[in-house]
Amino acid sequence: METLDIINKNLDLESIKREYNKNKFVIIRDFLEEEWAERLLKYYQGMPPEWWSWMFLPDPDLGLENWRTSVYKDDGSPALEQIIQRKRDFINSMYAENRGFTYIYRRVFFGSHFPDCLCEECVFRKQFLETSPMLEFLQGLTDHQILKPGELFASRYSKGDYNGPHSDVNKGKVTIVLNLSKDWLPQDGGIFFGMEEDYVTIKYAEVPTFNSLVIFDVSEGGMPHLVNHVTVNDKERFAVTGWYE
């Protein structure tokens, strides 16, 4: 399979590795060649609404004894908007009361296109995320000798969306988040917070800067983290997220 060598050639790899080894966490600015970051952002901004799916946890209609994710295709209809708002209100009340892991945002499920699709997402996934040089880069950075791609997906957060406090336990060895939003400000919300094991003390706070890659180790349970509520109407937070096993 052809591979994409699109990692920024000007990265200071030694400095990045030192930072990662110190904390098992690093933020890499300008990770991809700018052309590819721009292509991905344009692709996700232009996707039809129905290609996205609403993800939320928990679903009040299932009962709290069934604390699991539900998925709704985003058909853009007023009826669906009413359903999502009702569920959002319930989930926000759970979040405010700190009653468990909750979230609401939209996601694209990778691998749903036809096998020979050559869209930006499929090429990026098949020729970069799931193969070299991305695997070699992560293995060299983290010292995990063998990594393979696990669950990978694109996320889209608009006003009111968030991902509550959780760890990535049992997800794999390494978590990545490739931020693809432009001109994002701290007051826009959607900030990544990494926490100590007490789920209170903040270790890292990252505004989702365009073309920045967040990497952290989850091989021993995972660092608690969250993405707080997006607060603005006129921006959306796009990212490619996932785990390597």
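Before any of the text, the structure's been laid out above.
Residues numbered from 1 in each chain as written. Predicted model: local features only at pLDDT ≥ 70, side-chain atom pairs only at ≥ 80, totals over all residues. Heavy atoms only, no water.

1. A few points about the pairing of strand E9 (residues 202-206)
- Relative to E9, strand E8 (residues 192-195) is paired through four bridges, and the arrangement is antiparallel. In the strand pairing of E9, Met195 is matched with Ile202.
- In textbook terms, the turn of a hairpin is the stretch between consecutive antiparallel strands, and for E8 and E9 this stretch comprises six residues, one of which, Tyr199, has a positive phi near 60°. (Pairing = 2+ DSSP bridges. Helix = DSSP H or I, 4+ residues; strand = E, 2+ residues; numbered from the N terminus.)

2. So, the packing of helix H2 (residues 34-46) against helix H4 (residues 120-129)
- Axis separation between H2 and H4 bottoms out at 9 Å; the angle between their running directions is 130°. As judged from the angle between their axes, H2 and H4 are oblique. Packed against H2, whose contacting residues are Trp36, Arg39, Leu40, Tyr43 and Tyr44, the element H4 presents Glu120, Glu121, Val123 and Phe124 at the interface.
- Broken down by class, the residue content of the contact of H2 with H4 amounts to six nonpolar, no polar and three charged. (Axes fitted to C-alpha atoms, helices over the stretch in contact; angles between N-to-C directions. Parallel < 35°, antiparallel > 145°, perpendicular 65-115°, else oblique. Contact = heavy atoms within 4.5 Å. Nonpolar A, V, L, I, M, F, W, Y, C, P; charged D, E, K, R; others polar.)

3. Notes on unusual backbone geometry
- Cis peptide bonds are those with omega within 30 degrees of zero, and the linkage from Leu57 to Pro58 qualifies with -10°.
- Within the fold, Pro58 resides in the loop between strand E2 (53-57) and strand E3 (70-73).
- Here Ser132 and Pro133 are connected by a cis peptide whose omega angle stands at 5°.
- For Asp30, which is not glycine, the phi dihedral falls at a positive 50°.
- Here Asp30 lies in the loop between strand E1 (25-28) and H2.
- The class for Asp30 is partly exposed, based on a relative accessible area of 46%.
- The phi dihedral of Asn98 is positive, around 55°, even though this residue is not glycine.
- Its place among the elements puts Asn98 in the loop between helix H3 (78-96) and strand E4 (103-109). (Buried < 20%, exposed > 50% of the residue type's maximum accessible area, 1.4 Å probe, protein only.)

4. Some thoughts on the pattern of salt bridges
- Scanning the model with the defined rule gives 18 salt bridges in all.
- Notably, a salt bridge pairs Lys87 with Asp61, separated by 2.5 Å at the nearest N-O pair. Of the two residues, Lys87 is situated in helix H3 and Asp61 in the loop between E2 and E3; the sequence distance between them amounts to 26 residues.
- Given a relative accessible area of 0%, Lys87 falls into the buried group.
- Each of Asp59, Asp61, Arg86 and Lys87 takes part in salt bridges that share partners, so that together they form one network. (Salt bridge = Lys/Arg side-chain N within 4 Å of Asp/Glu carboxyl O.)

These results come straight from atomic positions and should not be treated as a statement about function.
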